[in-house]
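Structural overview
Okay, here's what each chain looks like letter by letter:
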Amino acid sequence: MFNTGFMHSDALSKVGIDHQIRGDPTLFDVLFTAGPCQDHRSAKHQNAAMANRYNAVLRQYGILKLPANIYPSLAFTDADLTQTKAAIDHAVTVVLAMR
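Thresholds applied
- Residues numbered from 1 in each chain as written.
- Predicted model: local features only at pLDDT ≥ 70, side-chain atom pairs only at ≥ 80, totals over all residues.
- Heavy atoms only, no water.
- Salt bridge = Lys/Arg side-chain N within 4 Å of Asp/Glu carboxyl O.
- Buried < 20%, exposed > 50% of the residue type's maximum accessible area, 1.4 Å probe, protein only.
- Helix = DSSP H or I, 4+ residues; strand = E, 2+ residues; numbered from the N terminus.
- Expected span 1.5 Å × (residues − 1).
- Arc of directions from axis to C-beta.
- Polar contact = N/O pair within 3.5 Å; in protein donor to acceptor, adjacent residues only side chain to side chain.

This brings us to the pattern of salt bridges. Applying the stated criterion across every chain, the model contains two salt bridges. Between D29 and R22 there is a salt bridge, and its shortest N-O distance comes to 3.9 Å. Its relative accessible area of 27% is what places R22 among the partly exposed residues. With a shortest N-O distance of 2.7 Å, K85 and D89 are connected by a salt bridge. Pair noted here: K85 and D89 are both in helix α4 (residues 78–96), with a separation of four residues, about one helical turn.

Shown next, in the form of structure tokens:
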């Protein structure tokens, strides 16, 4: 379950996209910003267009990512995590093109 949050951060960091993971790796949101996000006000400086596109690409791959925290399930299978990783990799490619 911890891998889900790290998948996002690892993929985004690998290509140099500024982001913050707000929350715990098991209960989190991805914010596209270089600054720290400690509360609701500080989270508002994120790149909302990039976040919306990233979330939309994940949904196209069958990964429900709402514009808020992700709540993973203990029922995830290895196939679910493989699908999630593929979706993340594609979403990263899409948002990288937005820079």
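A few words on helix α3 (residues 48–60). Helix length check: α3, at 13 residues, gives a terminal C-alpha distance of 18 Å against a target of 18 Å (1.5 Å per residue), a fit within 8%. Within α3, the full set of buried residues consists of M50, A51, Y54, N55, V57 and L58. Along the axis of α3, the buried positions cluster into a sector of 160 degrees, meaning they face one direction only. Put simply, N47 is the residue that caps the front of α3, since its side-chain oxygen is 3.3 Å from the backbone nitrogen of A49. Phi turns positive, to about 85 degrees, at G62, one or two residues after α3.

Keep in mind these numbers describe shape, not what the thing actually does.
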